[in-house]
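Next come the chains, spelled out residue by residue.
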Amino acid sequence: DTGVSQNPRHKITKRGQNVTFRCDPISEHNRLYWYRQTLGQGPEFLTYFQNEAQLEKSRLLSDRFSAERPKGSFSTLEIQRTEQGDSAMYLCASSPYVQGASLSTEAFFGQGTRLTVV
Amino acid sequence: AQSVTQLDSQVPVFEEAPVELRCNYSSSVSVYLFWYVQYPNQGLQLLLKYLSGSTLVKGINGFEAEFNKSQTSFHLRKPSVHISDTAEYFCAVSYGNKLVFGAGTILRVKS
C-alpha cells in the first residue's frame, strides 16, 4: 500500500453535469476525510467517515454534494449539477482511529482531484 | 471556532539562508498543531506536529517549529534552506475531528 489514492487526478466538466471522484485510503485506516482547496486558500473540511458511517458534514457541503463510503473502504464524492464555483482541488485524507483521541494522529493526504467546471 | 492565521502569503529567501514562516491560531482549549507542505499539483505532506510535551518540535527535511502557548503561535523554521524547499506551507490546528488550515505561505528559494 503506497498511500491514499485519488482518481481521477483531473476532471473538466461542463456546468450542470454530475461528477464523481473516488478515494482509496490507506488500508488499515478507518477514518476518511474530504477537503476542498480553492486557489490561494488552505484546504477546507467537507466531511469525514469513521468506517462506513458519515459522522460530520460541513455547511460547505450543499445538497448537491454527497459522499459515501460503502463497506468502510473506498469513498466517493459526487457533485450534482456542477457550478463554476465548484472548481477546486478535492483532497482526500485518511488516518487511523485512536480510542479516546480526536485528531492526534497524522492524516495522510492523497494527491487530490482537480475539478474545472467550464 | 478555531482559526489559523499565516501572516505572510509569500516569503522569498536566498538558498542557504534561514527562514521562519509564521503561524498564529485562536483557541481557548488545548490544541494539536501541524505543519504541512504542498508541492505543485501534489497533496499535503506532514512536516511536523505538536501534540504535547516539549515545545520545540523537529520534523522532516530539517524543519522545526516552536509552540508558544502565551502567544498562540507555532512558527516554522529552518536554519538553511535549499532550492528544493520551494513549496507552499500550511499551518493547521485540530478542531474536534478535523483540521482547520491557514491560507498558506509560499516559500520561494532563490539561488
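Data block above holds the structure.
All of these numbers come straight from a predicted model, not from anything done at the bench. (Residues numbered from 1 in each chain as written. Chains lettered and ligands numbered in written order. Predicted model: local features only at pLDDT ≥ 70, side-chain atom pairs only at ≥ 80, totals over all residues. Heavy atoms only, no water.)

J.: What exactly am I supposed to notice about the overall build of chain B here?
T.: Broken down by element type, chain B carries zero helices and 12 strands. When the helices and strands of chain B are listed from N to C terminus, the series reads β-β-β-β-β-β-β-β-β-β-β-β. The globule rule puts the C-alpha radius of gyration for 111 residues at 13 Å, and the 13 Å found for chain B is close to it. Here the C-alpha coordinates of chain B stretch approximately 40 × 30 × 20 Å along the principal axes. The buried share of chain B, taken over its 111 residues, is 47%. Restricting to contacts in chain B with at least 6 residues of sequence separation, those with at least 24 account for 54%. On chain B, roughly 5200 Å² of surface is accessible, and the fraction owed to carbon and sulfur atoms is 50%. Each charge class in chain B was averaged separately, 9 positive and 8 negative side chains, and the resulting centres sit 8 Å apart. (Helix = DSSP H or I, 4+ residues; strand = E, 2+ residues; numbered from the N terminus. Rg over C-alpha atoms; globule rule 2.2 N^0.38 Å. Buried < 20%, exposed > 50% of the residue type's maximum accessible area, 1.4 Å probe, protein only. Contact = heavy atoms within 4.5 Å. Areas by Shrake-Rupley, 256 points an atom, 1.4 Å probe, with all protein chains shown as cover. Lys, Arg positive; Asp, Glu negative; His and termini not counted. Charge placed at Lys NZ, Arg CZ, Asp CG, Glu CD.)

J.: Just checking my understanding: could you explain the interface of chain A and chain B for this structure?
T.: Interface size, as often reported, equals the accessible area lost upon joining of the parts. With 23 residues of chain A in contact, the opposing surface of chain B contributes 20 residues. Summing the contributions of chain A and of chain B, the shared interface buries around 1800 Å²; its carbon and sulfur component is 52%. At the boundary of chain A and chain B, one finds one salt bridge. The shortest N-O distance in the salt bridge between Lys-98 of chain B and Glu-56 of chain A comes to 2.7 Å. Applying the counting criterion to the chain A and chain B interface returns seven residue pairs in polar contact (both at pLDDT 80 or more). Put simply, the parts of the chain that give the side of chain A that touches chain B at least two residues each are β4 (31-37) and β5 (44-50) of chain A. Looking at which element gives the most residues to the side of chain A that touches chain B, the answer is β4 of chain A, with four residues. Its residues placed into classes, the side of chain A that touches chain B shows nine nonpolar, nine polar and five charged. (Buried area = accessible area lost by both parts, 1.4 Å probe. Salt bridge = Lys/Arg side-chain N within 4 Å of Asp/Glu carboxyl O. Polar contact = N/O pair within 3.5 Å; in protein donor to acceptor, adjacent residues only side chain to side chain. Nonpolar A, V, L, I, M, F, W, Y, C, P; charged D, E, K, R; others polar.)

J.: Teacher, can you tell me more about the packing of aromatic side chains here?
T.: The relative placement of two aromatic rings is captured by the distance of their centres and the angle of their planes. This model, assessed by the stated rule, comprises 14 aromatic pairs over all chains. Between Phe-45 of chain A and Tyr-48 of chain A, the ring centres sit 6.5 Å apart and the planes meet at 55°, which makes this aromatic pair tilted. Here Phe-45 of chain A matches Tyr-48 of chain A in class, with each residue buried. An angle of 20° between the planes, with centres 6.3 Å apart, marks the rings of Tyr-25 of chain B and Phe-67 of chain B as stacked. (Phe/Tyr/Trp six-rings, centres within 6.5 Å; stacked < 30°, edge-to-face > 60°.)

J.: Sorry, what's going on with the state of the cysteines here?
T.: Covalent bonding between the sulfur atoms of two cysteines is what defines a disulfide. Scanning all chains against the criterion turns up two disulfides over all chains. The disulfide bridge from Cys-23 of chain A ends at Cys-92 of chain A, spanning 1.9 Å between sulfur atoms. In this structure the cystine formed by Cys-23 of chain A and Cys-92 of chain A twists about its S-S bond by roughly -70°; its chirality is therefore left-handed. In this pair, Cys-23 of chain A sits in strand β3 (residues 19-24) while Cys-92 of chain A sits in strand β9 (residues 88-95), placing the two residues 69 residues apart along the sequence. You can call Cys-23 of chain A buried: its relative accessible area is 0%. What pairs with Cys-23 of chain B in a disulfide is Cys-91 of chain B, and their sulfur atoms sit 2.0 Å apart. Disulfide Cys-23 of chain B-Cys-91 of chain B: the torsion about the S-S bond is -65°, which places it as left-handed. (Disulfide = S-S within 2.5 Å.)

J.: Quick question: what am I supposed to make of unusual backbone geometry here?
T.: Excluding glycine, most residues fall at negative phi; most peptide bonds, likewise, are trans. All names here are of chain A. Look at the link from Asn-7 to Pro-8: it is a cis peptide, with omega at -10°. Mapped onto the elements, Pro-8 comes out in the loop between β1 (5-7) and β2 (10-13). One non-glycine residue, Asn-51, lies in positive phi territory at about 55°. Within the secondary structure, Asn-51 sits in the loop between β5 and β6 (53-57).

J.: Whenever I open this one, the pattern of salt bridges confuses me. Can you help?
T.: Once their charged atoms are close, side chains differing in charge can pair, the charge on each being opposite to the other. What the rule picks out here adds up to nine salt bridges over all chains. The residue Arg-64 of chain A makes a salt bridge to Asp-86 of chain A at a minimum N-O spacing of 2.8 Å. A residue pair is termed long-range when its members are at least 10 positions apart, and Arg-64 of chain A in the loop between β6 and β7 (65-68) and Asp-86 of chain A in the loop between β8 (75-79) and β9 qualify at 22 residues. The shortest N-O distance in the salt bridge between Arg-77 of chain B and Glu-20 of chain B comes to 2.8 Å. Here the residue Arg-77 of chain B occupies a position in strand β9 (residues 73-78), and Glu-20 of chain B occupies one in strand β3 (residues 19-21), the gap between them amounting to 57 residues. Through salt bridges that share partners, Arg-64, Glu-83 and Asp-86 of chain A make up one connected network.

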